[in-house]
Amino acid sequence: MPISAIRWHRRSRMPTAAALTAALALVLSGCGAAATEPGQDAAPRANASPGAEGGRDGVLRAAVRRLAAQGDAPGAAVLIRREGGGTRYLASGVADVRSGRRIHRNDHFRAGSLTKTVIAAVTLRLAAQGRLGLGDTVDEHLPGLVRGQGNDGRTITIRQLLNQTSGLFDYTADPVLARQLSAAADRTRTPASLVRTAVAHRPDFAPGAGWRYSNTNYVLLGMVVQRVTGHSYATEARRDVITPLRLHGTSFPGTRTTLPDPHGRAYTRDGGAGDGGARRDVTDLNPSSAGAAGELISTLGDLTRLLPGLLRGKVVPRAELRQMRNTSASDGRYGMGLFPVRLACGVTLWGHNGEINGSYALAVTAPDGRHSLAYRLNSTAGSGLTAETSLLEAEFCPRR
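Owing to the predicted nature of the structure, the values given are computational and were not obtained by experimental measurement.

*Asks:* Can you help me understand the overall build of the chain in this one?
*Replies:* A tally of regular secondary structure across the chain gives twelve helices and twelve strands. Every one of the 400 residues in the chain was classed for burial, and the buried ones make up 58%. Pairs at least 24 apart in sequence give 73% of the contacts found in the chain among residues at least 6 apart. Taken as a whole, the chain presents about 14,600 Å² of accessible surface, with 49% of it coming from carbon and sulfur.

This is how it looks when you write it as structure tokens:
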């Protein structure tokens, strides 16, 4: 089967609590705050004791190397930010297999479904302002768009789009669209065309009767934002999220196929990761087929500021923030643009991941926003890795 030109999130591989807590035998305390030079593996701090700090550093460095190996990626990088303790950067491998250039701390990359966190925040701000209601139906804002094959926008609410309980088919799973994307990665797709692809399929379940991750939900939210405000979701996100949080390296490219400088390269395998196919450079990509579900470009530094800013109430009012973290409709799996990451030591983090061809990223933060981590791979395959679990446990679990 050909690889889709755009895969900003694999439904079957979202890092649920089970995936993130599997196969962990060693729990360590969080690491220190010293930063390392961009593109280099972190070394133990000079004043660290060889037993505790050196061992902790070793686990973190090993986890980063294993992330690259398990994700079939030329390189991996992680940035850790602690309030009052500065930042720490660790990287392994290369950003460009031809030149040997290492991954830099301020490199731009495609962040995939972390876009959903931003879109959820924008939507909830509009709800707080009374410009839309979470109980509004899709049809009230986009009349007649969601129809056919048992789909009906008159019975689907904004809340159900946000928390992934609409039942709408995920358009990225349409085999015809997948072949088209594989053949023409530079083709522009409109949000309405993506929705039409989705509603050509029967829904997975009746609205509110279950939970299933679907990119269609957030494409629709992007359209609702534009209908309500008269501006694109990208314009609203820049004003309400990106600018207030000073995310200077974060952007919505629209149909632009290139990444801002500085950046490395993005890779995937013909036939999929681990299948022995040729490694392909997929850096240049028209992300319009991801849209409000996954077009975001960002940096590790910005992702470690985005989630703390949200959870500390700098963007979304407290009442709406509680909605973002309400997972009751999904049996604890997903809120609204955020999901909980429950570690074996009892710590719960909040964040989101993102996957788009040639890039995988995860960003998480402690509930108070004072301790955050973001990592990335320059390959498609990422979520569900045991090295991801080891990295998070080593950084966030208290020493026993």
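What follows continues from the structure just given.
*Asks:* Help me understand the packing of helix H3 (residues 115-128) against helix H8 (residues 215-229), please; the structure alone is not making it clear to me.
*Replies:* Angle between the axes and distance between the axes are the two parameters that describe a pair of packed helices. Direction vectors running N to C along H3 and H8 enclose 40 degrees, while the axes themselves pass 10 Å from each other. Regarding the angle of H3 to H8, the classification is oblique. The two elements H3 and H8 meet at a crossing, and its hand is left-handed. Along the contact surface, H3 presents Lys116, Ile119, Ala120, Val122, Thr123 and Leu126, while H8 presents Asn215, Tyr218, Leu221, Gly222, Val225, Val228 and Thr229. Along the lines of polarity and charge, the residues of the contact of H3 with H8 split into eight nonpolar, four polar and one charged.

*Asks:* Looking at this structure, how should I read the sheet that holds strand E10 (residues 348-356)?
*Replies:* For sheets, the rule is that strands pair by backbone hydrogen bonds, running either parallel or antiparallel. Sheet architecture is open: six strands sit in the order E2-E1-E12-E11-E10-E9, paired in antiparallel fashion. Looking along the sheet, the strands with just one partner apiece sit at the ends: strand E2 (86-93) and strand E9 (339-342). The average angle at which neighbouring strand axes cross in this sheet is 20 degrees, direction not considered. In the sheet, strand E11 (residues 359-365) pairs with strand E12 (residues 371-377) via six bridges, with the strands oriented antiparallel. Counted as the bridge partner of Tyr360 is Leu377 from E12.

*Asks:* Got a minute to help me understand helix H6 (residues 175-183) in this structure?
*Replies:* Every buried residue of H6 is accounted for by Leu177, Ala178 and Leu181. All buried residues of H6 lie within an arc of 105 degrees about the axis, which places them on one face of the element. Buried residues in H6 make contact with helix H7 (191-199). The opening residue of H6 is Asp174, an N-cap whose side-chain oxygen sits 3.2 Å from the backbone nitrogen of Val176.

*Asks:* Just to check I follow, could you spell out the nonpolar core for this structure?
*Replies:* Note on soluble globular proteins: their nonpolar side chains tend to be buried together. Counting residues in each nonpolar core, the largest one holds 101 residues, and the members touching the most others are Leu162, Leu220, Leu373, Tyr375 and Leu391. Apart from residues no more than four positions distant in its own chain, Leu391 is found in contact with Leu60, Ala63, Val64, Leu67, Val78, Leu373 and Tyr375.

*Asks:* Where do I start with the pattern of salt bridges in this structure?
*Replies:* For side chains of opposite charge, pairing can occur when their charged atoms come near one another. All told, the structure shown has 15 salt bridges when counted by the stated rule. The closest approach of N and O atoms between Glu83 and Arg370, which form a salt bridge, is 2.0 Å. Of the two residues, Glu83 sits in the loop between strand E1 (75-82) and E2 while Arg370 sits in the loop between E11 and E12, which places them 287 residues apart along the sequence. Look at Arg370 and you get partly exposed, because its relative accessible area is 41%.

*Asks:* When you look at the confidence of the model for the chain in this model, what are you seeing that I'm missing?
*Replies:* When pLDDT is low, close inspection of the predicted coordinates is not appropriate. Residue-level pLDDT values for the chain average 86, and 84% of them are 70 or greater. Here residues 1-51 scores under 50 on pLDDT; set against residues more than four positions off or in separate chains, the count is 179 contacts.

*Asks:* What exactly am I supposed to notice about the environment of Ala374 here?
*Replies:* With respect to the secondary-structure elements, Ala374 resides in strand E12. Exposure remark for Ala374: the relative accessible area of 0% places this residue in the buried category. In sequence terms Ala374 and Leu79 are 295 residues apart; their C-alpha atoms lie 5.5 Å from each other. Sequence-distant contacts of Ala374, defined by excluding residues within four places in its chain, comprise Ala77, Val78, Leu79, Leu300, Leu303, Thr304, Leu362 and Ala363.

*Asks:* Sorry if this is basic, but what is going on with the packing of aromatic side chains here?
*Replies:* Aromatic ring pairs: the centre-centre distance and the angle between the two ring planes describe each pair. The full count for this structure, using the stated rule, is five aromatic pairs. Pairing Trp211 with Tyr334 gives two aromatic rings, centres 6.1 Å apart and planes at 40 degrees, and the pair type is tilted. Taken together, the residues Trp211 in the loop between H7 and H8 and Tyr334 in the loop between helix H11 (318-324) and E9 connect sequence positions 123 residues apart. As far as the burial class goes, Trp211 and Tyr334 line up, both buried. Residues Tyr360 and Tyr375 carry aromatic rings whose centres are separated by 5.9 Å and whose planes lie at 50 degrees to one another, so their mutual orientation is tilted.

What counts, and where the lines are drawn
Residues numbered from 1 in each chain as written. Predicted model: local features only at pLDDT ≥ 70, side-chain atom pairs only at ≥ 80, totals over all residues. Heavy atoms only, no water. Helix = DSSP H or I, 4+ residues; strand = E, 2+ residues; numbered from the N terminus. Buried < 20%, exposed > 50% of the residue type's maximum accessible area, 1.4 Å probe, protein only. Contact = heavy atoms within 4.5 Å. Areas by Shrake-Rupley, 256 points an atom, 1.4 Å probe, with all protein chains shown as cover. Axes fitted to C-alpha atoms, helices over the stretch in contact; angles between N-to-C directions. Parallel < 35°, antiparallel > 145°, perpendicular 65-115°, else oblique. Left-handed = near helix turned anticlockwise from the far one by under 90°. Nonpolar A, V, L, I, M, F, W, Y, C, P; charged D, E, K, R; others polar. Pairing = 2+ DSSP bridges. Arc of directions from axis to C-beta. Polar contact = N/O pair within 3.5 Å; in protein donor to acceptor, adjacent residues only side chain to side chain. Core = buried A, V, L, I, M, F, W, Y, C linked by side-chain atoms within 4.5 Å. Salt bridge = Lys/Arg side-chain N within 4 Å of Asp/Glu carboxyl O. pLDDT = per-residue confidence, 0-100. Phe/Tyr/Trp six-rings, centres within 6.5 Å; stacked < 30°, edge-to-face > 60°.

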